[in-house]
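The chain contents come next:
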Amino acid sequence: MRDRDCELVKAAKNDYAVVHRLMPEKTCDEAFLTAVCYHYQQAIEKLLKALIGNSGNQYEYTHDISKLCYKCEQCKIALPGELDLFATTLTDWEAKTRYNSSICATIKQLSLAEKIYNELLLLLDGNASKKSTTERIDAF
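Residues numbered from 1 in each chain as written. Predicted model: local features only at pLDDT ≥ 70, side-chain atom pairs only at ≥ 80, totals over all residues. Heavy atoms only, no water.

Bringing the overall build of the chain into the picture now. Per the secondary structure count, the chain includes 5 helices and 0 strands. Counting from the amino terminus, helix and strand elements in the chain follow one another as α-α-α-α-α. The buried share of the chain, taken over its 140 residues, is 46%. The contacts in the chain between residues at least 6 apart in sequence include a share of 64% that link residues at least 24 apart. Total accessible area on the chain stands at roughly 7,500 Å², and carbon and sulfur atoms take up 54% of it. (Helix = DSSP H or I, 4+ residues; strand = E, 2+ residues; numbered from the N terminus. Buried < 20%, exposed > 50% of the residue type's maximum accessible area, 1.4 Å probe, protein only. Contact = heavy atoms within 4.5 Å. Areas by Shrake-Rupley, 256 points an atom, 1.4 Å probe, with all protein chains shown as cover.)

Before going further, it helps to examine the side chain of His-39. Structurally, the position occupied by His-39 is in helix H2 (residues 30–54). In this structure the side chain of His-39 is engaged in a polar contact, spanning 2.7 Å, whose partner is the side chain of Asp-15. Non-local contacts of His-39, meaning those with residues more than four positions away in its chain, are made with Asp-15, Val-18 and Val-19. (Polar contact = N/O pair within 3.5 Å; in protein donor to acceptor, adjacent residues only side chain to side chain.)

Before going further, it helps to examine the pattern of salt bridges. Per the stated rule, a full pass over the model turns up 6 salt bridges. The partner of Glu-45 in a salt bridge is Lys-49, and the shortest N-O contact between them spans 2.9 Å. With Glu-45 and Lys-49 both in helix H2 and 4 residues apart, this pair spans about one turn of that helix. Judged by relative accessible area, Lys-49 falls into the buried class, the value being 7%. Each member of the salt-bridge network shares a partner with another, and the members are Glu-82, Lys-115 and Glu-119. (Salt bridge = Lys/Arg side-chain N within 4 Å of Asp/Glu carboxyl O.)

Considering bend angle alone, the principal kink of helix H4 (residues 81–99) is centred on Ala-87 and spans about 55 degrees. Residues of H4 that are buried include every one of Leu-83, Phe-86, Ala-87, Leu-90, Thr-91, Trp-93, Glu-94 and Thr-97, and no others. (Bend = angle between axes of the 7 residues up to and from the residue.)

Inspection of the secondary structure assignment puts Asp-125 in helix H5 (residues 107–131). Spatially, the C-alpha atom of Asp-125 lies 9.8 Å from that of Leu-51, the residues being 74 residues apart in sequence.

In this section: H2. When the terminal C-alpha atoms of H2 are compared, their 36 Å separation across 25 residues agrees well with the 36 Å that a helix rising 1.5 Å per residue should span. For H2, a buried count of 20 out of 25 residues is recorded, marking the element as mostly surrounded by other parts of the structure. (Expected span 1.5 Å × (residues − 1).)

Next up on the list: the packing of aromatic side chains. One pass over the structure, following the stated rule, counts 4 aromatic pairs. Between Tyr-59 and Tyr-61, the ring centres sit 5.5 Å apart and the planes meet at 65 degrees, which makes this aromatic pair edge-to-face. Given the relative accessible area of 58%, Tyr-61 is considered exposed. Pairing Phe-86 with Trp-93 gives two aromatic rings, centres 5.6 Å apart and planes at 85 degrees, and the pair type is edge-to-face. The same class applies to Phe-86 and to Trp-93, which are both buried. (Phe/Tyr/Trp six-rings, centres within 6.5 Å; stacked < 30°, edge-to-face > 60°.)

Structural measurements only, silent on function.
So this is what it looks like as structure tokens:
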């Protein structure tokens, strides 16, 4: 995996760490929920970009999850099925949290974001294993 892609994975893991520092008891607080949604979106965006980069392709500098999913499809990267349906919501989480003071998210949506994040991380780990047995995502 290229250094740039490794840095994206590290940054995604940092975003995910923020989510877990704020979850679950603080998600009923509007400010904390906004931060959780933002960092979930960021983590997933960065993992998608790392997947694209790891496939030898260039990713677009965008926060739009749908565009990144489409690029993954062009690169023959099989993504979790729910991601395509949830992409607009994730993109909204990023855009709205930057300009609005609050955002609405359900526990089901937060659970789905968690599932997608974990599946993307596993996908990256699997791709890294195929390319090199010595290069592991866990080494980050």
